[in-house]
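So you can see what is in the structure, the chains are spelled out below.
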Amino acid sequence: MASHIVGYPRMGPKRELKFALESFWDKKSSAEDLQKVASDLRASIWKQMADAGIKYIPCNTFSYYDQVLDATAMLGAVPPRYGWSGGEIGFDTYFSMARGNASLPAMEMTKWFDTNYHFIVPELGPDVNFCYASHKAVHEYKEAKALGVDTVPVLVGPVSYLLLSKPAKGVDKSFSLLSLLPKVLAVYKEVVDDLKAAGASWIQFDEPTLVTDLDSHQLQAFTAAYSDLASNLSGLNVLVETYFADIPAEAFKTLTCLGGVTAFGFDLIRGTKTLDLIKGGFPSGKYLFAGVVDGRNIWANDLACSLNTLNALEGIVGKDKLVVSTSCSLLHTAVDLVNETKLDNEIKSWLAFAAQKIVEVNALANAMCGKKDEAFFSSNASALASRKSSPRVTNEGVQKAAAALKGSDHRRATNVSTRLDAQQKKLNLPVLPTTTIGSFPQTVELRRVRREYKANKISEEEYVKSITEEIRKVVVLQEELDIDVMVHGEPERNDMVEYFGEQLSGFAFTVNGWVQSYGSRCVKPPIIYGDVSRPKPMTVFWSSTAQGMTKRPMKGMLTGPVTILNWSFVRNDQPRSETCYQIALAIKDEVEDLEKAAITVIQIDEAALREGLPLRKSEQAHYLDWAVHSFRITNVGVQDTTQIHTHMCYSNFNDIIHSIIDMDADVITIENSRSDEKLLSVFREGVKYGAGIGPGVYDIHSPRIPSTEEMAERINKMLAVLETNILWVNPDCGLKTRKYTEVKPALENMVAATKVIRNHL
Ligand code: GLN
Ligand code: ZN
């Protein structure tokens, strides 16, 4: 039986590509240097898969920035502002689109489905001159071939490409992007011919949009596209790969009837119902690529369970037509467990990163054709058993407490307007209170102190002294600026999830478990492996220290349970909701300890609440229900006079506004400045909102310092829509990535703008 990998991480086991890219961008190394690092990485990945025995090895899943941008380059769909004048697209044009240049901003970036990977959104319209402008796919195919590896070139499918794009600036919003299909297909045909001529016998089109909610018109586009491509595809084996969720029944029907297509790939980790669809009927003579090894997580596969699934599928499609695969590209998992020097052997035995998943796929394929590696299977079984029974995983007290939460409602006893009155009596804030989101600039010196403390190079005493001094600076600055509700600046935190994960039980941390987020940016999610609890207070010391420095209210600053969950690798042996409830209980303990320590304003950040929203509408209500419930659990126990804030980092929440209201926070601060109107339109349309709200008045993602007038105008716009007594004034998000030279004048102007308006009320 054959084996296949949908795609592989590009960064390298130690983020080699990241460093090569950044050095090239900084002009510290040449294009040739960068190309050399890239081709070495590709070669080692192909070799690794070939050595492991993988039959269908992907190529063109490498990218210097993003695979969707690669498709844009392939199609020559460069927005005219980048001044590309034809010919093969080189680094200049490519990286200008990706990152902007001295005079032009980058193209828009957005999340790749429900992953933390971001792609560059194609900007299309009726005037785009599609042409074959990047031969990357065929170059990679030939490059692998020269190394003796016959690969399967992978392309973003033409229909998904269009469905993921947006109308370019100046193009009517109602423009049908799918109307561009014939033009796009003309280029795909050239690419297919090129690959065929180079000797390819397989080709893979990634069409993950097939798992989303599509209408019949959109589904029809798939049928049209592949029948148009069919004659060029003839003589090739063609795999259409889907992933990230169950495929809807209609889409399954469309997919399995596509002309010219000989193989279909499914995510059987997230697509548990897909199995039933396959059992209900699969076209005879076609290949089934069964994604049984999870590309989205870091857990070792349950090989015995996968074998059961594969056996059932073999009965349907036949031995020679079943291929063992990953659930999606391994881009979304960490690269290689070999480089984890700090994890203990027990936890390590429970894990599989991309390199290990390749071995798992191959072992399953071998087992299916009678060459079962008994030793490998039995060590997998014992690792799984040890994970199941380990006292490090199970904490009965926590499980009971979390189970007791399900099905019950948790709400503060008093309604929000009564609470706000009680809080105002205590806090005595001016109208349009000013505040910031939490972090202040993180200087080189500050990072050094944290690093040296972690490495035991400076004593606890020295560390506390340095951090306390930093907090004092931030407090003094805020008093000088005359900010009403203070923050301590978060100098003790390097990351808003890691900081809490390190202090909670049930979390483990990797040293090289990086996952690409966008371009050269990677994140290193913590691993939640066990029941979560809080052994002792996590933030109380710093918050009380800070409160001791000022008479103004000092916000306690916490990361909420949903955000901790969504930015971690989450255990797969219980529902996500259960893990979320456990984290909520731990944060609840912290909230209550802060309240006891006389912290009267507590902010619980839920920056990532929206990110966890399931792809399919039918599953969203359930998610929002437990996510919002988890948030409420954290603060259900506080007094009316304790003011609960939350913060969110996105403005497109019109569709989830009712869930946000249902969180029942006293004050919410949200990103707004990059998309003013969108947010306010919700309220203009009459959504009733009685809690405090602080739509960011300036964009912290840019070094630009907004003027007093500009921010005053923003505030006035908001006042036209929102009640004066609920409006707060604050930046968009935390200030940690900015410099003091930017932050000081920007906040000065923000406070000045607020005062101008207060004087006119
Ligand atoms: N309190 C955090 C900070 O200010 C919030 C960051 C975020 O929302 N991403 O840094
Ligand atoms: Zn934010």
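Residues numbered from 1 in each chain as written. Chains lettered and ligands numbered in written order. Predicted model: local features only at pLDDT ≥ 70, side-chain atom pairs only at ≥ 80, totals over all residues.

Enquirer: What is the right way to look at the overall build of the chain in this model?
Expert: Within the chain, the secondary structure is distributed over 27 helices and 21 strands. Its C-alpha atoms give the chain a radius of gyration of 27 Å, within 12% of the compact-globule value 27 Å for 761 residues. Expressed as lengths along the three principal axes of its C-alpha atoms, the size of the chain is roughly 75 × 60 × 50 Å. Counting all 761 residues of the chain, 49% fall into the buried class. For the chain, restricting intrachain contacts to residue pairs at least 6 apart in sequence, the fraction spanning at least 24 positions comes to 79%. (Helix = DSSP H or I, 4+ residues; strand = E, 2+ residues; numbered from the N terminus. Rg over C-alpha atoms; globule rule 2.2 N^0.38 Å. Buried ≥ 20, exposed ≤ 12 C-beta atoms within 10 Å, placed from the backbone. Contact = placed C-beta atoms within 7 Å.)

Enquirer: Which parts of the structure should I look at to understand the sheet that holds strand β17 (residues 555-559)?
Expert: Through backbone hydrogen bonds, the strands of a sheet pair up, either in parallel or in antiparallel fashion. With parallel pairing, the five strands of this open sheet are ordered in space as β17-β18-β19-β20-β21. Because the sheet does not close on itself, it has two edges, and the strands there are β17 and β21 (692-695). Averaged over neighbouring strand pairs, the angle between their axes works out to 20 degrees when direction is ignored. As defined by bridge partners, strand β20 (residues 667-670) adjoins β21 across four bridges and the pair is classed as parallel. In the sheet register, threonine 669 faces β21, and the bridge partner there is glycine 694. Contacts between helix α22 (residues 576-596) and the sheet are confined to β17 and β18 (601-605), with β17 contributing the most and set at about 175 degrees to the helix. (Pairing = 2+ DSSP bridges. Axes fitted to C-alpha atoms, helices over the stretch in contact; angles between N-to-C directions.)

Enquirer: Explanation requested: the UniProt feature "binding site: Zn(2+) 1" (unreviewed entry) in the chain in the structure shown.
Expert: Taken from the UniProt record, the annotation "binding site: Zn(2+) 1" (unreviewed entry) applies to His647, Cys649, Glu671 and Cys733. Across 87 residues in sequence, these annotated residues keep their C-alpha atoms within 8.4 Å of one another, forming a single compact spot. Every residue in contact with histidine 647, bar those within four places of it in the chain, is listed here: Ile437, Gln603, Asp605, Ala607 and Thr669. Tracing the backbone shows cysteine 733 in the loop between α26 (708-719) and α27 (740-760). Beyond its immediate chain neighbours, meaning those up to four positions away, cysteine 733 contacts Ile437, Cys649, Glu671, Gly696 and Ile700. (UniProt positions renumbered as here; feature names shortened; annotations may be inferred.)

Enquirer: What am I meant to see in the nonpolar core here?
Expert: Inside soluble globular proteins, nonpolar side chains tend to come together where they are buried. The biggest cluster of nonpolar side chains holds 217 residues, and the ones touching the most others in it are Ile5, Leu288, Ala290, Val324, Leu351, Phe353 and Leu364. With sequence-adjacent residues up to four places away left out, leucine 364 is seen in contact with Val292, Leu303, Ser306, Leu307, Leu310 and Val324. (Core = buried A, V, L, I, M, F, W, Y, C linked by C-beta atoms within 7 Å.)

Enquirer: Please explain the site of ligand 1 as it appears in this structure.
Expert: Around ligand 1, a shell composed of 13 residues is seen, among which Ile437, Gly438, Ser439, Ala607 and Gly734 lie nearest. When the residues that make up the shell around ligand 1 are grouped by side-chain class, the tally is six nonpolar, four polar and three charged. (Near = placed C-beta within 6 Å. Nonpolar A, V, L, I, M, F, W, Y, C, P; charged D, E, K, R; others polar.)

Enquirer: Would you explain unusual backbone geometry in this entry?
Expert: Peptide bonds are mostly trans, and most non-glycine residues show a negative phi. The backbone phi angle of aspartate 482 is positive, close to 70 degrees, even though this residue is not glycine. Structurally, the position occupied by aspartate 482 is in the loop between α18 (460-481) and α19 (498-501). The partly exposed category is assigned to aspartate 482, around which 15 C-beta atoms lie within 10 Å. Unlike most non-glycine residues, glutamate 490 shows phi in positive territory, near 55 degrees. Tracing the chain through its elements places glutamate 490 in the loop between α18 and α19. Overall, glutamate 490 belongs to the buried group, with 23 C-beta atoms counted inside 10 Å.

Enquirer: Even after reading the chapter, I still don't get the pairing of strand β11 (residues 287-293), so can you show me in this structure?
Expert: The side chains of a regular strand alternate between the sheet's two faces. In terms of residue burial, β11 counts as a mostly covered element, since seven of its seven residues are buried. The pairing of strand β10 (residues 263-267) with β11 spans five bridges and is parallel. When the sheet's bridge partners are listed, glycine 265 is paired in β11 with phenylalanine 289. A crossover connection joins β10 to the parallel β11 through helix α10 (residues 274-279); in handedness this β-α-β unit is right-handed. (Right-handed = clockwise from strand over helix to strand, strands pointing away.)

Enquirer: Looking at this structure, I do not really get the sheet that holds β11. What am I missing?
Expert: A sheet is described by the order of its strands in space; here eight strands give the open sequence β1-β12-β11-β10-β9-β8-β6-β2, paired in parallel fashion. One side of each edge strand has no neighbouring strand; the edge strands of this open sheet are β1 (2-3) and β2 (57-59). Most of the contacts of helix α11 (residues 303-317) go to β11, to which it runs at about 170 degrees, and overall it touches β11 and β12 (322-326).

Enquirer: What should I look at first to understand helix α9 (residues 249-256) in this one?
Expert: An α-helix turns once every 3.6 residues. As a result, residues three or four positions apart point the same way. Where α9 is concerned, the buried positions are Ala251, Phe252, Thr254 and Leu255. Angularly, the buried residues of α9 cover 165 degrees about the axis, an arc narrow enough to put them on a single face. Buried residues along α9 sit against α8 (216-233), β9 (237-241), β10 and α10. (Arc of directions from axis to C-beta.)

Enquirer: Help me out: how do you make sense of the packing of α26 against α27 in this one?
Expert: When two helices pack together, you describe them by how their axes are tilted relative to each other and by the distance separating the axes. Packing of α26 against α27 leaves a shortest axis separation of 8 Å and a crossing angle of 50 degrees. One element, α26, and the other, α27, form an angle in the oblique class. Helix-helix and strand crossings are classified by hand; for α26 and α27 the assignment is right-handed. Facing Thr708, Met711, Ala712, Ile715 and Asn716 of α26, the residues of α27 in contact are Asn749, Met750, Ala752, Ala753, Thr754, Val756 and Ile757. Looking at side-chain class alone, the contact of α26 with α27 contains eight nonpolar, four polar and no charged residues. (Parallel < 35°, antiparallel > 145°, perpendicular 65-115°, else oblique. Left-handed = near helix turned anticlockwise from the far one by under 90°.)

Enquirer: Explain the packing of α8 against α9 to me, please; I cannot follow it from the model alone.
Expert: Interaxial distance between α8 and α9 falls to 9 Å at its minimum, and their mutual angle equals 15 degrees. Taken together, the axis directions place α8 and α9 in an arrangement best described as roughly parallel. The two elements α8 and α9 cross, and the hand of that crossing is right-handed. Within the contact between the two elements, α8 uses Leu219, Phe222 and Thr223 and α9 uses Glu250, Ala251 and Thr254. A breakdown of the residues in the contact of α8 with α9 according to their chemical character gives three nonpolar, two polar and one charged.

Enquirer: Please explain the confidence of the model for the chain as it appears in this structure.
Expert: Low pLDDT marks regions whose predicted coordinates should not be analysed in detail. Per-chain confidence: the chain averages 96 in pLDDT, with 99% of residues scoring 70 or above. Here the predicted complex scores 0.95 on pTM and 0.99 on ipTM. (pLDDT = per-residue confidence, 0-100.)

Enquirer: Whenever I open this one, the environment of alanine 73 confuses me. Can you help?
Expert: Tracing the chain through its elements places alanine 73 in helix α3 (residues 67-74). The exposure class of alanine 73 is buried, given the 24 C-beta atoms found within 10 Å. For the pair formed by alanine 73 and tyrosine 226, sequence separation is 153 residues and the distance between their alpha carbons is 21 Å. Not counting residues up to four positions away in its chain, the partners in contact with alanine 73 are Ile89, Tyr94, Ala133 and Ser134.

Enquirer: I tried to follow helix α20 (residues 540-547) on my own but got confused; where do I start?
Expert: Those residues of α20 that fall on the buried side of the exposure criterion are Trp542, Ser543, Ala546 and Gln547. For α20, the arc enclosing every buried residue in end-on projection is 135 degrees, short of the 170-degree limit, so these residues lie on one face. On its buried side, α20 packs onto α18, β17 and α22.

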